[in-house]
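Okay, here's what each chain looks like letter by letter:
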Amino acid sequence: MANLIGRKGRLKTKIVKPKGLRRQHKKASSKRGYSDVLCIGRPAQDTLLSGEIFKPVCEHGVCYEHIPLGTKSNVQDVSVLYGGNALNAAITFSRQGLSSSILAQVGTDSPSQNILQIIKDEGISEELVYLDEHVKVAQSTNIIAPDGERAILTYPGSAINV
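How each quantity is defined
Residues numbered from 1 in each chain as written. Predicted model: local features only at pLDDT ≥ 70, side-chain atom pairs only at ≥ 80, totals over all residues. Heavy atoms only, no water. Helix = DSSP H or I, 4+ residues; strand = E, 2+ residues; numbered from the N terminus. Buried < 20%, exposed > 50% of the residue type's maximum accessible area, 1.4 Å probe, protein only. Contact = heavy atoms within 4.5 Å. Areas by Shrake-Rupley, 256 points an atom, 1.4 Å probe, with all protein chains shown as cover. Disulfide = S-S within 2.5 Å. Pairing = 2+ DSSP bridges. Right-handed = clockwise from strand over helix to strand, strands pointing away. Core = buried A, V, L, I, M, F, W, Y, C linked by side-chain atoms within 4.5 Å. pLDDT = per-residue confidence, 0-100.

Asker: Mind laying out the overall build of the chain, listing which residues take part and the relevant values?
Answerer: From N to C terminus, the chain includes two helices and 12 strands. Among the 162 residues that make up the chain, the fraction classed as buried is 34%. Expressed as a percentage of contacts within the chain between residues at least 6 apart in sequence, the contacts between residues at least 24 apart total 69%. Total accessible area on the chain stands at roughly 10,700 Å², and carbon and sulfur atoms take up 52% of it.

Asker: Just give me the short version of the state of the cysteines, but keep the residues and values in it.
Answerer: Under the definition given, this model contains one disulfide. A disulfide bridge connects Cys-58 with Cys-63, and the sulfur atoms are separated by 2.0 Å. Across the S-S bond linking Cys-58 and Cys-63, the dihedral sits near 90°, which makes this disulfide right-handed. What makes Cys-58 partly exposed here is its relative accessible area of 47%.

Asker: Explain the pairing of strand E9 (residues 100-106) residue by residue, including any values.
Answerer: In terms of burial, E9 is a largely internal element, seven of the seven residues being buried. Burial along E9 is two-sided: the residues Ser-100, Ile-102, Ala-104 and Val-106 and Ser-101, Leu-103 and Gln-105 are all buried. Examined bridge by bridge, E9 and strand E10 (residues 129-131) share three bridges and lie parallel to one another. Looking at E10, one finds that Val-106 is bridged to Leu-131. Handedness of the β-α-β unit built from E9, helix H2 (residues 110-121) and E10 comes out right-handed.

Asker: A description of the nonpolar core should follow, citing residues and the corresponding values.
Answerer: Residues Leu-87, Ile-102, Val-106, Ile-115, Ile-119, Ile-124 and Val-129 are the most contacted members of the largest nonpolar core, which totals 17 residues. Looking at which element gives the most residues to this core, the answer is helix H1 (residues 85-95), with four residues. Not counting residues within four places of it along the chain, the set of residues in contact with Ile-102 comprises Leu-38, Cys-39, Ala-86, Leu-87, Ile-119, Ile-124, Ser-125, Leu-128 and Val-129.

Asker: Any details on the confidence of the model for the chain? Residues and values, ideally.
Answerer: Put simply, the chain has an average pLDDT of 82, and 77% of its residues get 70 or more. Taken together, the stretch residues 1-7 has pLDDT below 50 and engages in 18 contacts with residues farther than four places along the chain or on a different chain.

Below, the structure is given as structure tokens:
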């Protein structure tokens with residue numbers, strides 16, 4: 001994406017299509033042919049795990065999660081959520097009645113397909129969503145203790161190809 005300054009000092013944006021990527025085709029939902037809001041960023045999948053197994057053990061004022069290795073442990077609740085700043089903003093604007101688009105890159109894996117389905121279900125334009133089979137979206141696993149404290153394990157996702 002390249003930013004340009006117009007004659008009147010206003011910022012103009014030029015979209016440059018990365019080579020070798022397939023683009024989802026869908027018209028923006030605005031009657032004018034473009035969206036009211038463009039959100040730019042990386043979508044992500046969050047997995048939330050909670051249960052008594054995550055009750056922290058505190059030693060010398062520092063609390064730790066102790067999960068025995070080599071065993072199978074049950075959790076009380078599992079949730080899988082999708083977001084990321086751009087996707088969350090696009091959903092919020094869309095639900096407020098504004099036409100919104102998201103500029104993002106996703107893969108062909110299961111989390112990416114779920115994200116694409118959410119984009120469709122929320123009425124967000126996917127015209128600027130690029131598919132790359134080598135991309136994996138960011139993911140995090142949130143371990144939630146009974147008292148609400150948490151530890152987060154993150155996978156930042158693949159490097160974006162431009």
